[in-house]
Protein chains: 2
Amino acid sequence: MGRGAAGRLSFDEDSIICGHIRSIDDADAASYEGLLIPGGYSPDKLRADDRFVNFVKDFDVTGRPLAAVCHGPQLLLAAELQRGRTLTAWPTVQGDLRQAGAEVKDEAVVVDDNWITSRKPDDLEAFSAKFLEELGELEARGEWHPTEIDSAPGP
Amino acid sequence: MGRGAAGRLSFDEDSIICGHIRSIDDADAASYEGLLIPGGYSPDKLRADDRFVNFVKDFDVTGRPLAAVCHGPQLLLAAELQRGRTLTAWPTVQGDLRQAGAEVKDEAVVVDDNWITSRKPDDLEAFSAKFLEELGELEARGEWHPTEIDSAPGP
């Protein structure tokens, strides 16, 4: 979700192909099947900009898989989506979420409706597996709308 | 508040002399006249360690000037001291505090009882002046106990 020109990322054969890199100004939340918010200090920079906070709000409305790890849930907090929800996060962020009305579990992966959250790098394998599983279920339900990926050239 | 050996810092003639650098393990909150928590990403690292969180709690009980700027108030939040208090912080931290029961003002310096808080580097001059003013009032009330500074050699 940066300012890069529209383009296409392709990793090895076993990896997900990301159809486009596009500016947040051109990104329509409803056209994505999943949202994964990684950690580090990036989430605190992203949430300083309402465009990213609003994207998260708009995406959550779709009910599609929304994954956040480490400091990623800071964006859910900035979007004021956490009250009454169950999730986990980086240890220091857990207290922020709990005091702001979320139910916080100190577990490797926490699933609550469309949310998949994890705490730290050690959780990443289980976190990624769960996110892919939820995307697979979306597809199995016939709710996968791969508009973006179809529009990209094949491998 | 690091792991450095006990020592003494001295700046120019117009600056404050810090009596000691000591490990958090040897620091007794009651022996300090003031606490200033700077910003950046350091507060998020400090609050991952209960010793720093407990130091802040213990210091706040003394009622002496407690100043925090930018991300510094994350330590007040981790110490669960913010509910019902009025303060400010770095813009992204303001929402965390507000949703966790604090009254947040978007002002350069906010004073609430013994707390002095500011938002960002641009506020630092007013922030520092207010902190020094509060320390001066502490001294004027005869509540200054410069144990630490007296034990250091003179300039």
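Keep in mind that this is a model prediction, so the values were computed, not measured. (Residues numbered from 1 in each chain as written. Chains lettered and ligands numbered in written order. Predicted model: local features only at pLDDT ≥ 70, side-chain atom pairs only at ≥ 80, totals over all residues. Heavy atoms only, no water.)

Draft legend 1. Looking closely at the packing of aromatic side chains. This model, assessed by the stated rule, comprises three aromatic pairs over all chains. Directly above the aromatic system of A:W115 lies the positively charged group of A:R85, at a separation of 4.0 Å from the ring centroid. (Phe/Tyr/Trp six-rings, centres within 6.5 Å; stacked < 30°, edge-to-face > 60°. Lys NZ or Arg CZ within 6 Å of the ring centre and 35° of its normal.)

Draft legend 2. Molecular detail of the nonpolar core. Ranked by internal contacts, the top residues of the largest apolar core, which has 26 residues, are B:L35, B:I37, B:V56, B:L66, B:L76 and B:L97. Going through the elements one at a time, β1 (35-37), α2 (50-62), β2 (66-69), α3 (73-78) and α4 (91-99) of chain B are the ones with two or more residues in this core. Among the elements that make up this core, the one with the highest residue count is α2(B) (five residues). For B:L76, the contacting residues outside a window of four places in its chain are B:V56, B:L66, B:A68, B:L81, B:Q82, B:L87, B:W115 and B:T117. Counting 25 residues, the second largest nonpolar core, distinct from the first, contains A:L46, A:F52, A:A102 and A:V104. (Core = buried A, V, L, I, M, F, W, Y, C linked by side-chain atoms within 4.5 Å. Buried < 20%, exposed > 50% of the residue type's maximum accessible area, 1.4 Å probe, protein only. Helix = DSSP H or I, 4+ residues; strand = E, 2+ residues; numbered from the N terminus. Contact = heavy atoms within 4.5 Å.)

Draft legend 3. Inspection of the sheet that holds β1(B) at higher detail. All names here are of chain B. Across the sheet, four strands lie side by side as β1-β2-β6-β5; this open sheet has mixed pairing. Two strands in the sheet have a free side with no partner beyond their single neighbour: β1 and β5 (109-112). Going across the sheet, the axis of each strand differs from the next one's by a mean of 15 degrees, ignoring polarity. Pairing analysis gives three bridges linking β1 to β2, with the strands arranged parallel. (Pairing = 2+ DSSP bridges. Axes fitted to C-alpha atoms, helices over the stretch in contact; angles between N-to-C directions.)

Draft legend 4. Seen up close, the interface of chain B and chain A. Listed by partner, the interface residues are 18 residues for chain B and 18 residues for chain A. Summing both partners gives a buried area of about 1,500 Å² for chain B against chain A, and 36% of it is carried by carbon and sulfur. Area buried by chain B at its contact with chain A is led by B:Y41, B:T92 and B:Q99, which between them contribute 43% of it. At the junction of chain B and chain A, the tally comes to 18 residue pairs in polar contact (both at pLDDT 80 or more). In terms of residues, the side of chain B that touches chain A owes the most to one element, α4(B), which gives five residues. (Buried area = accessible area lost by both parts, 1.4 Å probe. Polar contact = N/O pair within 3.5 Å; in protein donor to acceptor, adjacent residues only side chain to side chain.)

Draft legend 5. Expanded view of the confidence of the model for chain A. Residues and elements named next belong to chain A. Per-residue pLDDT for chain A averages 86, and the proportion of residues at 70 or more is 80%. Low pLDDT, under 50, characterises residues 1-11; the predicted model gives this stretch 29 contacts beyond four residues in sequence or across chains. Taken as a whole, residues 148-155 scores under 50 in pLDDT and shows 13 contacts with residues more than four places along the chain or in a different chain. Here the predicted complex carries an ipTM of 0.83, next to a pTM of 0.84. (pLDDT = per-residue confidence, 0-100.)

Draft legend 6. Focus on the relation of the copies chain B and chain A. Superposing chain B onto chain A requires a rotation of 180 degrees together with a translation of 0.0 Å along the rotation axis, leaving an RMSD of 0.0 Å. In short, the pair behaves as if placed about a two-fold rotation axis. Ranked by how close their C-alpha atoms come to the rotation axis, the residues of chain B are headed by B:A100, at 2.3 Å. (Least-squares fit on C-alpha atoms with pLDDT ≥ 70 in both.)

Draft legend 7. Focus on the sheet that holds strand β6 (residues 115-118) of chain A. All names here are of chain A. Sheet architecture is open: four strands sit in the order β1-β2-β6-β5, paired in mixed fashion. Each end of this open sheet is capped by a strand with a single partner; those strands are β1 (35-37) and β5 (109-112). Pairs of neighbouring strands in the sheet enclose a mean axial angle of 15 degrees, with direction left out of account. In this sheet, β6 lies alongside strand β2 (residues 66-69) in parallel orientation, the contact comprising four bridges. Across the sheet, residue A68 finds its bridge partner in β6, namely T117.

Draft legend 8. Structural view of unusual backbone geometry. The backbone phi angle of A:C70 is positive, close to 55 degrees, even though this residue is not glycine. Mapped onto the elements of the fold, A:C70 is located in the loop between β2 and α3 (73-78).

Draft legend 9. Structural context of the environment of B:L36. Residues and elements named next belong to chain B. Here L36 shows up in strand β1. Sequence-wise, L36 and S23 are 13 residues apart; in three dimensions their C-alpha atoms are separated by 16 Å. Residue contacts for L36: discarding those within four places in its chain leaves A67, F127 and F131.

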